Amino acid sequence: MLTLMHQNAHIPPQAFPMLEVFLTEPFPHTPQDMLQLEQRLARAAAQTADQILLIQLTRAHEDKAFVQQAIAQARAQHAIPLVHKGLRTISVLLLGGTRLLIETPYLREDRRGRRGRRRGKRGSHGTGCYPVLACLGIADRVSPASRSEIALHVVQAASYLEAAQMLSRRGFACDVSSLVRITTATAAASTRLRDAALEAALRLPVAPDGPLAGQRVRISLDGGRVRTRRTHRGRKTAKGRHGFATPWREPRVLVIDILDEQGQPDRLRLPLYDVLIGNAEAVWALLIGYLRLLGAAYAEVVEFIADGAEWIWHRVERLRTLAEIPAAKVVEVLDFYHASQYLSETIATCHSMPKAQRHALYKRLRHALRHQTDGVEVVQEALQGLTTTHRSKAITCALGYLETHAHRMRYVTLEARKLPIGSGQVESAVRRVVNLRFKAPGSFWTETIVSGLMHLRAAFKAGRWDEIMRGVITETFHVPSFEPVDNAVPQPSAPIQGETPHTFVTPRKKAA
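What you see is a predicted model, and the numbers here were worked out from it, not measured in a lab.

Describing the sheet that holds strand 9 (residues 251–259)
Phase 1 of the analysis: An order of 10-9-4-11-12 is seen for the 5 strands of this open sheet, with the pairing classed as mixed. Two strands lie at the open edges of the sheet, namely strand 10 (272–277) and strand 12 (330–334), each paired on one side alone. Here the average twist between neighbouring strands, direction ignored, is 20°.
Phase 2 of the analysis: Summarising the sheet, strand 4 (residues 216–223) and strand 9 pair through 8 bridges and their orientation is antiparallel. When the sheet's bridge partners are listed, Ser-220 is paired in strand 9 with Val-255.
Phase 3 of the analysis: Across the sheet, helix 15 (residues 424–438) touches strand 4, strand 9, strand 10 and strand 11 (301–306), and the angle it forms with strand 9 is around 130°.

Points about the state of the cysteines
Phase 1 of the analysis: Counted by the stated rule, this structure contains 0 disulfides.
Phase 2 of the analysis: In this structure Cys-129 is not part of a disulfide, and its nearest cysteine sulfur, from Cys-135, lies 9.6 Å away.
Phase 3 of the analysis: Residue Cys-129 is classed as buried on the basis of its relative accessible area of 14%.

Some points on the pattern of salt bridges
Phase 1 of the analysis: By the definition in use, this model includes 19 salt bridges.
Phase 2 of the analysis: For Arg-40, the salt bridge is made with Glu-25, and the minimal N-O distance between the two is 2.9 Å. With a gap of 15 residues between them, Arg-40 in helix 1 (residues 31–62) and Glu-25 in the loop between strand 1 (4–8) and helix 1 connect regions that are remote in the sequence.
Phase 3 of the analysis: Judged by relative accessible area, Glu-25 falls into the partly exposed class, the value being 29%.
Phase 4 of the analysis: For Asp-274, the salt bridge goes to Arg-194, with nearest N and O atoms at 3.0 Å.

Things to note about helix 2 (residues 64–77)
Phase 1 of the analysis: Compared with the 20 Å implied by 1.5 Å per residue over 14 residues, the 20 Å span of helix 2 between its first and last C-alpha is a close match.
Phase 2 of the analysis: Its buried side turned inward, helix 2 meets helix 1, strand 2 (82–93), strand 3 (98–109) and helix 3 (131–135).
Phase 3 of the analysis: Its side-chain oxygen placed 3.1 Å from the backbone nitrogen of Ala-65, Asp-63 serves as the N-cap of helix 2.

Topic: the nonpolar core
Phase 1 of the analysis: One finds Ile-256, Trp-284, Leu-287, Phe-304 and Tyr-411 to be the most contacted residues of the largest nonpolar core, which totals 75 residues.
Phase 2 of the analysis: Ranked by the residues each element gives to this core, the list is headed by helix 7 (residues 280–294), at 10 residues.
Phase 3 of the analysis: When residues no more than four places from it in sequence are discounted, the contact partners of Phe-304 are Ile-219, Leu-221, Trp-284, Leu-287, Ile-312, Trp-313, Val-316, Leu-319, Val-331, Glu-332 and Val-333.
Phase 4 of the analysis: Residues Val-155, Cys-174, Val-253 and Ile-468 belong to the second largest nonpolar core, which totals 41 residues.

Points about unusual backbone geometry
Phase 1 of the analysis: Although it is not a glycine, Asp-140 adopts a positive phi angle of roughly 55°.
Phase 2 of the analysis: Asp-140 gets classed as partly exposed once you look at its relative accessible area, which sits at 30%.
Phase 3 of the analysis: The backbone of Arg-141 sits at a positive phi, close to 65°, despite the residue not being glycine.
Phase 4 of the analysis: Of note, Arg-141 is situated in the loop between helix 3 and helix 4 (144–156).

What counts, and where the lines are drawn
Residues numbered from 1 in each chain as written. Predicted model: local features only at pLDDT ≥ 70, side-chain atom pairs only at ≥ 80, totals over all residues. Heavy atoms only, no water. Pairing = 2+ DSSP bridges. Helix = DSSP H or I, 4+ residues; strand = E, 2+ residues; numbered from the N terminus. Axes fitted to C-alpha atoms, helices over the stretch in contact; angles between N-to-C directions. Contact = heavy atoms within 4.5 Å. Disulfide = S-S within 2.5 Å. Buried < 20%, exposed > 50% of the residue type's maximum accessible area, 1.4 Å probe, protein only. Salt bridge = Lys/Arg side-chain N within 4 Å of Asp/Glu carboxyl O. Expected span 1.5 Å × (residues − 1). Polar contact = N/O pair within 3.5 Å; in protein donor to acceptor, adjacent residues only side chain to side chain. Core = buried A, V, L, I, M, F, W, Y, C linked by side-chain atoms within 4.5 Å.

Structure below.
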């Protein structure tokens, strides 16, 4: 018979206090009394909500039709037959800090008649499943709302310990190792769903009515820096530890956002942020998948803006071809401020010229580049006059730079078309998503963990947290929406129901 018990980590086991009890207490007389009353009320309300949830979970397990449906669904989703092993006791952490002990049906692989040794893990991380809990979005021993809060605090806080302390203040006790385990599992599920959906988008026709159809779209790419940790194998140190290296890696951040008719970011439409640690080809595969999934081929204009990094511009034409975007719709822009910096550094190499004269030359050429239709030619002509100096090598490189990017530096034409000339949005995204959380002094990250955490933090900074979490708990990828929303009230995106040009279904992970 099903039994459910509660065990709270902060309060001795006792009946949850009813909120009406607080009405019989005397009213607060001091600010301190008021603060303590509010805090006790919040904890009591959260515990009462957990008690209500306990009752609802009991009803779910007592409904035989629901239990049988959950078991049938679990068996249908696994390639290997599952056998019912009866009831197992498992703990579930709820949002109010209550830890339930639940006896719930447990299924595992049917290994009868199968040769070879057992290859799957045993125990809590084995190949079995809890079908009733899975139907309710309960996994990794936490409820869906608890999972969301844990992961959100981990990617917001400056450290794991700080996240645990912030949760503890609201009566939600969770140790650091559990925080890491739950958050990394959440990140892994989200990235798996994303990768499967984008891979499917590469096979299917581009949707003519995708979220970007008819929009003025801006795409930006840039890289940040994080230090990773790689443990040395072999002999240990005198303290009995393995040594480790801390190489820098470059997480690449991509931003897709909508521009209004004036060339400004549309504040009513959420941008799309994502991050990936990998080589350039992996990043471009991610971007191509997004553009096909979102229907960028049917946008009004697609502006691609970035700095002068060669790994970016060498692949833009292939991106356009594979995303099926007409050449007439693509506008390539070299960020004006990076171009200005490059120009300044080039002129600074002319040490034979007085500093004031170098500064005046830079200001004149920068103004020409920004406000004259033939600004690129004006800069080229001025630099060619400097190649006679002993610093001509730097000038020659600058002339090659101008020749390569000349068609991306027509800033007067871009202004007339109401298109931005700066990549500040992706620079800001790199700072807020990567630098402020993952680039702290003394922080060394396992590459897999930091990649997943950056993916979750990118979704949070873009305002798409609930969208990501709905996908994780339902094992379904949600196509990012660019519909106008009230920034104060997150709007749900449409779930995916089938593999059509709009939608993709990502199956649950198959048992080994």
